[in-house]
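As a plain string of letters, each chain reads:
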Amino acid sequence: MSFDIGIYHFGEITPSPETGERATAATRLAELIEQARVADEAGLSVFGVGEHHRGDFAVSAPAVVLAGMAMQTSRIRLTSSVTVLSSEDPVRAFEQFATLDNLSQGRAEMIVGRGSYTESFPLFGYDLADYDSLFEEKLDLLRTIQQEHPLTWKGRHRPALDRADIAPRPYQNREIPTWVAVGGTPASAVRAGTRGMPMALGILGGRYDGFAPIVELYRSAGKQAGVPDDQLRVSVNGPGFVAPTSQEALDISYPYFARGMMDNFHQRGRGVEMPRRAYEASASEAGALFIGSPAQITDKILRQHEAYGHERYIMQLGYGNTPQKESLRAIELLGTEVLPEVRKALGNAGSSE
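Residues numbered from 1 in each chain as written. Predicted model: local features only at pLDDT ≥ 70, side-chain atom pairs only at ≥ 80, totals over all residues. Heavy atoms only, no water.

It is worth spelling out the pairing of strand E2 (residues 46-49) at this point. Alternating residues of E2 divide into Val 46 and Gly 48 and Phe 47 and Val 49, and every residue in both groups is buried. Pairing of strand E1 (residues 4-9) with E2 involves four bridges; the strand directions are parallel. Bridge assignment links His 9 to a residue of E2, and that residue is Val 49. One crossover worth recording links E1 to the parallel E2 by way of helix H1 (residues 25-42), and it is right-handed. Note that E2 and strand E3 (residues 77-80) share four bridges and pair parallel. Bridging across to E3, Gly 48 finds its partner in Thr 79. Note on the crossover from E2 through helix H2 (residues 62-70) to E3: the handedness is right-handed. (Buried < 20%, exposed > 50% of the residue type's maximum accessible area, 1.4 Å probe, protein only. Helix = DSSP H or I, 4+ residues; strand = E, 2+ residues; numbered from the N terminus. Pairing = 2+ DSSP bridges. Right-handed = clockwise from strand over helix to strand, strands pointing away.)

A few words on the nonpolar core. Judged by nonpolar contacts, the single largest core of 96 residues is most densely connected at Ile 5, Phe 47, Met 69, Met 199, Ile 301, Met 315 and Leu 334. Among the elements that make up this core, the one with the highest residue count is helix H11 (residues 324-346) (eight residues). Setting aside chain neighbours within four positions, we find Met 315 in contact with Gly 6, Ile 7, Tyr 8, Gly 238, Pro 239, Gly 240, Phe 241, Val 242, Phe 290, Ile 297 and Leu 334. (Core = buried A, V, L, I, M, F, W, Y, C linked by side-chain atoms within 4.5 Å. Contact = heavy atoms within 4.5 Å.)

This paragraph deals with the pairing of E1. Taken across its six residues, E1 has six buried, putting it largely inside the fold. Alternating positions in E1 separate into two faces, Asp 4, Gly 6 and Tyr 8 on one and Ile 5, Ile 7 and His 9 on the other, with burial throughout. Here five bridges tie E1 to strand E12 (residues 312-317), and the two strands are oriented parallel to one another. Bridge pairing links Tyr 8 to Gln 316 in E12.

Let us look at the side chain of Thr 144. Examined against the element boundaries, Thr 144 turns out to sit in helix H5 (residues 131-147). Overall, the relative accessible area of 18% leaves Thr 144 in the buried class. Within the local environment of Thr 144, its side chain forms a polar contact with the backbone oxygen of Asp 140, the two atoms lying 2.8 Å apart. (Polar contact = N/O pair within 3.5 Å; in protein donor to acceptor, adjacent residues only side chain to side chain.)

Taking 1.5 Å of rise per residue, the 23 residues of H11 would be expected to cover 33 Å, and the 31 Å separating its terminal C-alpha atoms lies within 8% of that figure. Helix geometry: H11 is bent most strongly at Val 338, by close to 35 degrees, with proline Pro 340 lying one to four residues after it. Inspection of H11 places Gln 324, Ser 327, Leu 328, Ala 330, Ile 331, Leu 333, Leu 334, Gly 335, Val 338, Leu 339, Val 342 and Arg 343 among the buried residues, and these make up the whole buried set. Of the surrounding elements, those touching the buried residues of H11 are E1, H1, strand E10 (234-242), helix H10 (294-308) and E12. Among the residues trailing H11, Gly 347 stands out with phi positive, at a value near 80 degrees. (Expected span 1.5 Å × (residues − 1). Bend = angle between axes of the 7 residues up to and from the residue.)

Right, dumping it as structure tokens:
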């Protein structure tokens, strides 16, 4: 096993903290595709985009955006982060990502979750009272689609399937790697572990090592279910930014992060104020935010690896839409300085497949 580093975005369209101007969706999407190309060139392992269904985010159809990235890249893996499976049709989601997998010749992945932003539920006619049961059923259906073809299936939340020909199949008839997003809820960790699915742990606050009990619970649940150890894979995902010095990283990222927390965070009208002092505390050695120089980010990833034993770190790069020039530089620093040093320290050189 070798360690992977990547980046992900929600495609938020945050007004500039300096001018108040807001980028168009077209501009934001073009920037994300350029970032994916630079990440590929810099040697990063994975690039992800999230799913939101409201006007202050540019990405409502991750597979479409990732397909655009597939045409500009050759090696980097492409994933949703996340697909809100509770309000999605697993059949359609599978078809979209299988198409992406063929376009990219086997580079598609999925991170699926229940969704902390809930605007998709009323939009697509789902009841929030079914929040948990929707995800349980749809997760199992998505897994079954990958394993059985044609498929006969019956459930509660969608019409039954009778020898359904669900196509295309993924590239070279492989299974699309599918991670379960977990935000710290014990039941979610157990769900992923007992199914033997890799867990993408989102850490947005607190200590960088504060979720060790969740990781332990995940692995314990998997082992009790008879899941082989090599299937119990962990990725850690969370906000961060990289610049040549720690001061630059803080100065560049803070105004955009603070504006994003007020304008884009969860439900409209419920923004969270982030004073500079609180931001710096979250970015300290013990904090959950990975903001600093390449050496600081390298050290923090390695210390977090001691706590979690994970195999992948994905940074939500520059939340709040940091300027493209600084974002591209951060991507290059992650790929050319952080990733080689992390792999060297952990005794591996290549990327995992």
